[in-house]
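# Summary of the model geometry
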Amino acid sequence: MRTQVAIIGAGPAGLLLGQLLHIYGIDTVILERQTPDYVLGRIRAGLLEEGTVSLLQEAGAGARALREGLVHQGVEIAFNGERHRIDMHAATGKTLMIYGQTEVTRDLMAARAAAGLTTVYQAADVLPRDFDSDKPRISYVKDGVTQEIACDFIAGCDGFHGVSRASVPETAIRTFERVYPFGWLGILSETPPVSHELIYTNHARGFSLCTMRSMHRSRYYLQCSLEDHVDQWPDERFWDELKRRIDAKAVAQLVTGPSIEKSIAPLRSFVAEPMRFGRMFLAGDAAHIVPPTGAKGLNLAASDVHYLSRALRQFYDEKSAAGIDAYSETALSRVWKAVRFSWWMTSMLHKFPDTGEFGARIQLAELDYLVNSKAASASLSENYVGLPF
Ligand SMILES: Cc1cc2nc3c(=O)[nH]c(=O)nc-3n(C[C@H](O)[C@H](O)[C@H](O)COP(=O)(O)OP(=O)(O)OC[C@H]3O[C@@H](n4cnc5c(N)ncnc54)[C@H](O)[C@@H]3O)c2cc1C
């Protein structure tokens, strides 16, 4: 098989890149280790920046998001038992959209299928090869038979545990990492959200977040210990703990119900530099991870894909390598700003085991400043709605 751009991974980054390149007349094949159902079963991000929604439109996969997504103009931040609203639309003129990653993936998969483009699911032992030459290729095993794709470029969109970054020689890559001493226990329930906007809470018992996927499906998170297991958290214990952390009005409005998904995610900041190795590019979680506090993971995957798709279009249409030469630096400049913002949100809102009462007082002072200073609220808003790309 031969294609122009071979993409590893059919998550949001790989699928979005495939759609945009298709629109630009560039041929792609996607190799995905899992089945489509497995990919769709992963409950992850849910908050889209305007730039991400625009890219979905451009990719021909945004109509349902526009119809069904919930548009938000602000968030609420709670501490000392009181909620404070940050009006992000007033500060930036921009809005956010609640639309689950599962739905984004479903729409992109449908668009790819409608365009008749090739995705090889359940591709095993995927291995990018010769990406330091001008004849890169990928080998993989499908139904027990080893196959190979020759291509012009490889896009490593295979997430944090993927093979693309792992195939780069250690001497060619530099990584930066911060692992946080806690995780997020999340549940999904078929209940109306406690409020029409997100509520982030800093509490002496630990952070909590009330969010949603729709007006009848809620997502709640609790900061938990890294030693915790999901089976130690039956639904009743989860709801009881959430009620201890959220404000009294939210407790009164909270509708509880059986969880339909429950998982624990560790929190990590991670960046790999550079994001280009010869004729292989990394995009999305393959290159960087942020703690979910700033809702940036999926949106960063989208901005990487924006830069990469335009760079590849420039290469094919204008015979210019300027875009692909600048890709890593351009993408990393935005990535690091989102990494900083996500780290800052995480630091301000969580209970840290090692900073004691002093750390807790500093957090409260910062939160008080944040909700009472127009400049501080505007800075939060500007980053939260997404820096331009
Ligand atoms: C539990 C969890 C909760 C999250 N919650 C949020 C949130 O609330 N908000 C937010 O913004 N972000 C969140 N994120 C982050 C967000 O989901 C990711 O940033 C986003 O999925 C990145 O998309 P991606 O396409 O780069 O990677 P992925 O979604 O990881 O997709 C990579 C794809 O590559 C495939 N793959 C991997 N290895 C191989 C291989 N060797 N061969 C072929 N295919 C391979 C995988 O199966 C997968 O389908 C969360 C992440 C996790 C894990």
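Higher on the page you've got the structure.
The notes below deal with the structure included here. Keep in mind the model is a prediction, meaning the values are calculated, not measured.

The next point concerns the overall build of the chain. The helix and strand inventory of the chain stands at 13 helices and 19 strands. Counting only C-alpha atoms, the chain reaches 60 × 40 × 40 Å along its principal axes. Here the chain, with 389 residues, has 55% of them falling under the buried criterion. A separation threshold of at least 6 residues defines the contact pool for the chain, and within that pool the share at least 24 residues apart is 72%. When the accessible surface of the chain is summed, it comes to about 16600 Å², and 52% of that surface belongs to carbon and sulfur atoms. Within the chain, one finds 41 positive and 45 negative side-chain charges whose respective centroids are separated by 1 Å.

Turning our attention to the packing of aromatic side chains. Throughout the structure, instances matching the rule amount to 17 aromatic pairs. Note on Trp184 and Phe207: the rings are 5.1 Å apart at their centroids and 20° apart in plane angle, and the pair reads as stacked. Taken together, the residues Trp184 in strand β12 (residues 174-189) and Phe207 in the loop between β13 (199-201) and β14 (208-214) connect sequence positions 23 residues apart. Grouping residues by exposure puts Trp184 and Phe207 together as buried.

Before going further, it helps to examine the pattern of salt bridges. This model, assessed by the stated rule, comprises 23 salt bridges. Here Arg64 and Glu103 are joined by a salt bridge, their closest N and O atoms 2.7 Å apart. With Arg64 in helix α4 (residues 63-68) and Glu103 in helix α6 (residues 101-114), the pair connects residues that are 39 residues apart, well separated along the chain. A relative accessible area of 19% means that Arg64 is categorised as buried. A salt bridge links Lys262 to Asp235; the nearest nitrogen and oxygen atoms lie 2.7 Å apart. Highlighted residues: Lys262 in strand β16 (residues 259-273) and Asp235 in helix α8 (residues 235-245), separated in sequence by 27 residues. Three or more residues joined by partner-sharing salt bridges are found here, namely Arg64, Glu68, Glu103, Arg106 and Asp107.

Let us look at the site of the ligand. Taken together, 29 residues form the shell around the ligand, and within it Ala13, Glu32, Arg42, Gln101 and Asp285 come nearest. Contact between the ligand and Glu32: an oxygen atom at 2.6 Å from a side-chain N or O atom of the residue. Contact between the ligand and Leu298: an oxygen atom at 3.4 Å from a main-chain N or O atom of the residue. The fraction of the free accessible surface of the ligand (1000 Å²) that becomes covered by protein chains is 87%. At the level of secondary structure, the elements contributing two or more residues to the shell around the ligand comprise α1 (12-23) and α10 (297-318). Counted by class, the shell around the ligand contains 14 nonpolar, eight polar and seven charged residues.

Here we come to the layout of surface pockets. Size it by volume and the second largest pocket reaches roughly 550 Å³. What lines the second largest pocket is a set of 28 residues, and nearest its centre among them are Asn202, His350, Gly359, Ala360 and Gln363. Tallying contributions element by element places helix α12 (residues 356-372) first for the lining of the second largest pocket, with nine residues. Partitioning the lining of the second largest pocket into residue classes produces 10 nonpolar, 11 polar and seven charged.

In this section: the environment of Trp344. Following the sequence through the fold, Trp344 ends up in helix α11 (residues 322-349). Here Trp344 falls in the buried class, since its relative accessible area comes to 16%. Put simply, Trp344 and Thr293 are 51 residues apart on the chain and 9.1 Å apart in space, counted from C-alpha to C-alpha. Those residues in contact with Trp344, other than ones at most four positions away along the chain, are Glu366, Leu370 and Leu380.

Turning our attention to the sheet that holds strand β7 (residues 96-98). Ordered in space as β3-β7-β4, the three strands form an open sheet in which the pairing is antiparallel. Since the sheet does not close on itself, it has two edges, and those belong to β3 (47-49) and β4 (70-72), each with one partner. Direction aside, neighbouring strands of the sheet carry axes that sit 35° apart on average. Taken together, the three bridges between β3 and β7 define a ladder with antiparallel strand orientation. The residue of β7 that forms the bridge with Leu47 is Ile98. Sheet strands in contact with helix α3 (residues 50-58) are β3 and β7, and its direction is about 80° off that of β3.

Turning next to the sheet that holds β14. The strands making up a sheet are joined through hydrogen bonds of the backbone, oriented either antiparallel or parallel. Strand order in this open sheet of eight strands is β6-β5-β13-β14-β15-β12-β16-β19, and the pairing throughout is mixed. The outermost strands of the open sheet, each flanked by one partner alone, are β6 (82-87) and β19 (288-289). Alignment of β12 against β16, held across 13 bridges, turns out to be antiparallel. Its bridge partner being in β16, Thr175 is matched across the sheet by Ala272.

The rules behind the values
- Residues numbered from 1 in each chain as written.
- Predicted model: local features only at pLDDT ≥ 70, side-chain atom pairs only at ≥ 80, totals over all residues.
- Heavy atoms only, no water.
- Helix = DSSP H or I, 4+ residues; strand = E, 2+ residues; numbered from the N terminus.
- Buried < 20%, exposed > 50% of the residue type's maximum accessible area, 1.4 Å probe, protein only.
- Contact = heavy atoms within 4.5 Å.
- Areas by Shrake-Rupley, 256 points an atom, 1.4 Å probe, with all protein chains shown as cover.
- Lys, Arg positive; Asp, Glu negative; His and termini not counted.
- Charge placed at Lys NZ, Arg CZ, Asp CG, Glu CD.
- Phe/Tyr/Trp six-rings, centres within 6.5 Å; stacked < 30°, edge-to-face > 60°.
- Salt bridge = Lys/Arg side-chain N within 4 Å of Asp/Glu carboxyl O.
- Near = heavy atom within 4 Å.
- Polar contact = N/O pair within 3.5 Å; in protein donor to acceptor, adjacent residues only side chain to side chain.
- Nonpolar A, V, L, I, M, F, W, Y, C, P; charged D, E, K, R; others polar.
- 1 Å grid on protein atoms, 1.4 Å probe; cavity = no way out; pocket = protein on both sides within 12 Å on 5 of 7 lines; lining within 4 Å.
- Points joined across faces, edges and corners; volume = space filled by probe spheres on them.
- Pairing = 2+ DSSP bridges.
- Axes fitted to C-alpha atoms, helices over the stretch in contact; angles between N-to-C directions.

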